[in-house]
Amino acid sequence: MKCRQCGTEIAEKALICYKCGTATTEADAATDARITTEVNAELAKDKDLSALKINVDTKSGAVTLQGTAPSTMARERATTLAANIKGVTSVDNKLEVRG
């Protein structure tokens, strides 16, 4: 996982970042779960995007989207929907266009 303050890779079970001293907490996991839930909800509202065909993973606010999208436009819309969720720090869109 990455430190939410400085971006340094830290051990998954680390309580603080060895580089900057930022504490990691259970709140981070709760925030990630909330982000994932909200991204899935937004995708489900879109007529071209199905939350069932898109896997959403969130770690320290960084969202990864995997699966398929019916068009390039829908793929880009998924990025925008995810990026607009409070707490999202980045979106890695790995959706494959299959129309």
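A short tour of the structure in this document, coming up. Computed from a predicted model, the values in this text were never measured in an experiment.

Here is what the cut-offs are and how they apply
- Residues numbered from 1 in each chain as written.
- Predicted model: local features only at pLDDT ≥ 70, side-chain atom pairs only at ≥ 80, totals over all residues.
- Heavy atoms only, no water.
- Core = buried A, V, L, I, M, F, W, Y, C linked by side-chain atoms within 4.5 Å.
- Buried < 20%, exposed > 50% of the residue type's maximum accessible area, 1.4 Å probe, protein only.
- Contact = heavy atoms within 4.5 Å.
- Salt bridge = Lys/Arg side-chain N within 4 Å of Asp/Glu carboxyl O.
- Helix = DSSP H or I, 4+ residues; strand = E, 2+ residues; numbered from the N terminus.

## Focus: the nonpolar core
Grouped together as the largest cluster of nonpolar side chains are 15 residues, with contacts concentrated most on Val39, Leu43, Leu49, Ile54, Val56, Val63 and Leu65. Ignoring anything within four residues of it in the chain, the contact list for valine 39 reads Val56, Leu65, Ala82 and Ile85.

## Concerning the pattern of salt bridges
One pass over the structure, following the stated rule, counts eight salt bridges. Where glutamate 42 meets lysine 45, a salt bridge forms, and the shortest distance between an N and an O atom there is 3.0 Å. Of this pair, glutamate 42 and lysine 45 are both found in helix 1 (residues 26-45), three residues apart, which corresponds to roughly one turn of the helix. By relative accessible area, which is 64% here, lysine 45 ends up exposed. Where glutamate 96 meets arginine 98, a salt bridge forms, and the shortest distance between an N and an O atom there is 2.9 Å. Connected through salt bridges with shared partners, the residues Asp46, Lys47, Asp48 and Arg77 form a single ionic network.

## What about the environment of threonine 22?
Tracing the backbone through its elements, the reader meets threonine 22 in the segment before helix 1. Taking relative accessible area as the criterion, threonine 22 reaches 16% and is therefore assigned buried. Taking the C-alpha atoms as reference points, threonine 22 and arginine 4, separated by 18 residues in sequence, lie 7.8 Å from one another.

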